[in-house]
Amino acid sequence: MVERRHIRGFLALIVAGFVALPGAAQAQMRIKDLVEVEGVRGNQLLGYGLVVGLNGTGDRLQNSPFTQQSLEGMLERLGVNITGLNVKTRNVAAVMVMAELPPFPRQGTRVDVSISTMGDAKSLAGGNLIATPLMGADGKIYAVAQGPVATSGYSVEGAAASVTKGVPTSGRVANGAIVEREVDFDLDSLARVRLALRNPDFLTANRIAAAVNQSLGGSVARATDPTTVDVMVPVAYQGDIAGLLTRIETIQVTPDQVARVVIDEQSGTIVMGENVRISTVAIAQGNLTVRVQETPQVSQPAPFTQQGQTVVVPRTQIAVDEGEGKRLNVLEGGVSLNELVNGLNRLGATPRDIIVILQAIKAAGALHAELEVM
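Residues numbered from 1 in each chain as written. Predicted model: local features only at pLDDT ≥ 70, side-chain atom pairs only at ≥ 80, totals over all residues. Heavy atoms only, no water.

A. Fine view of the pairing of strand β4 (residues 92-101). Counted residue by residue, β4 has seven buried out of 10 residues, so it is predominantly covered. In this structure, strand β3 (residues 43-52) lies alongside β4, joined through 10 bridges in antiparallel fashion. Opposite asparagine 43, over in β4, you have leucine 101 as the bridge partner. Sheet analysis places β4 next to strand β5 (residues 110-117), joined by five bridges and oriented antiparallel. (Buried < 20%, exposed > 50% of the residue type's maximum accessible area, 1.4 Å probe, protein only. Helix = DSSP H or I, 4+ residues; strand = E, 2+ residues; numbered from the N terminus. Pairing = 2+ DSSP bridges.)

The structure is reproduced here in structure tokens:
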């Protein structure tokens, strides 16, 4: 019953958002929130390094030979040779270092880095990342990371019990990487700008192109496909692409959306868009439930009885629920999201039942929307 009330309240909340705001589907948004500018993007960086200063929570060198090799190589570059020695330290951990190089980085810019252990280290708390070069997909070094590691979890253990909260084997170094190489990209030399929609749609792309043309006063923009809007740089903005993008990003556009139902079977979450419609369909939902309950009772002889003994007498109660109250319901053709949710709620359906019902409606060809199962 708790699960049923929960899904009813959840679906009612979704419907209430559309009912209380009838113009929500037609709300305008900035082009800045709908598109990305081609060429204005980040780049992924990756590196391999060592975290030192751990309080006995690092890698076991006998189980992580790559950690021992890295430690030997680092100390050898510093003039210390430990090759062939039996090192048993557990204050060092091998980690992968990840960062995102922002658009138009300049030398000296600092960025955050994320690190994750590779061996059997138990925690990175209190550790420090040693200078680690970060490379791009082209194999070139673009930044160097170093600094104290901050973790969001901890792990404590004793002789017979342990407690772990969060993930202590992952962490971050705030502003831990310094950009050493810049990515060359001359924005002002572009003769055209391409806008990439985050949610591809023909109607939205054409609306963006029309809004840009109206704002700039000419036929400079056109939608080439559902993902791309091509904008020719007007004469007034040649050499000032930043000014052109600033103006374009503030233009208001009404985006369109595809009718879609998203289902997460693991958590029982169902999200339906406002444009979801169904044809006339009859739905009956009910399950056969058999409940068997054992309530054994103790029978014992009367006091001072010479014969008899205490025994356990079994008592069994069986209840059968055939779901007779869940009758056939008819949902008329072209019903809205509100009517669809109300119809499912009238059936007394649980989240799992609603998922099965939606899949059955889709299989019957009555659900006019994309059904996406996560």
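B. Looking closely at the sheet that holds strand β26 (residues 370-373). An order of β17-β16-β26 is seen for the three strands of this open sheet, with the pairing classed as mixed. Strands at the two margins of the open sheet, each flanked by one partner only, are β17 (269-272) and β26. The average undirected angle you get between the axes of adjacent strands in this sheet is 15 degrees. Packed on one face of the sheet, helix α6 (residues 351-363) meets β16 (260-264), β17 and β26 and runs near 45 degrees to β17. (Axes fitted to C-alpha atoms, helices over the stretch in contact; angles between N-to-C directions. Contact = heavy atoms within 4.5 Å.)

C. Local environment of the pattern of salt bridges. Within the structure shown, the criterion is met by seven salt bridges. With a shortest N-O distance of 3.5 Å, arginine 198 and glutamate 36 are connected by a salt bridge. Separated by 162 residues along the polypeptide, arginine 198 in the loop between β12 (192-197) and α3 (202-216) and glutamate 36 in strand β2 (residues 35-37) bring together distant segments of the chain. A relative accessible area of 42% means that arginine 198 is categorised as partly exposed. By relative accessible area, which is 44% here, glutamate 36 ends up partly exposed. Measuring nitrogen to oxygen at the nearest pair gives 3.5 Å for the salt bridge that ties glutamate 182 to arginine 106. Note that glutamate 182 is positioned in the loop between β11 (170-179) and β12 and arginine 106 in the loop between β4 and β5, a separation of 76 residues in sequence. Accessibility expressed as a relative area gives 45% for arginine 106, which makes it partly exposed. (Salt bridge = Lys/Arg side-chain N within 4 Å of Asp/Glu carboxyl O.)

D. Spatial organisation of the sheet that holds strand β13 (residues 221-223). Across the sheet, four strands lie side by side as β2-β12-β14-β13; this open sheet has antiparallel pairing. With partners counted over all chains shown, the strands left at the sheet margins are β2 and β13, one partner each. The average angle at which neighbouring strand axes cross in this sheet is 25 degrees, direction not considered. Sheet analysis places β2 next to β12, joined by three bridges and oriented antiparallel. Across the sheet, residue valine 35 finds its bridge partner in β12, namely leucine 197. Contacting β2, β12, β13 and β14 (228-232), α3 crosses the sheet at an angle of about 175 degrees to β13. Seen against the sheet, helix α4 (residues 241-249) touches β2, β12 and β14 and runs at an angle of roughly 35 degrees to β12.

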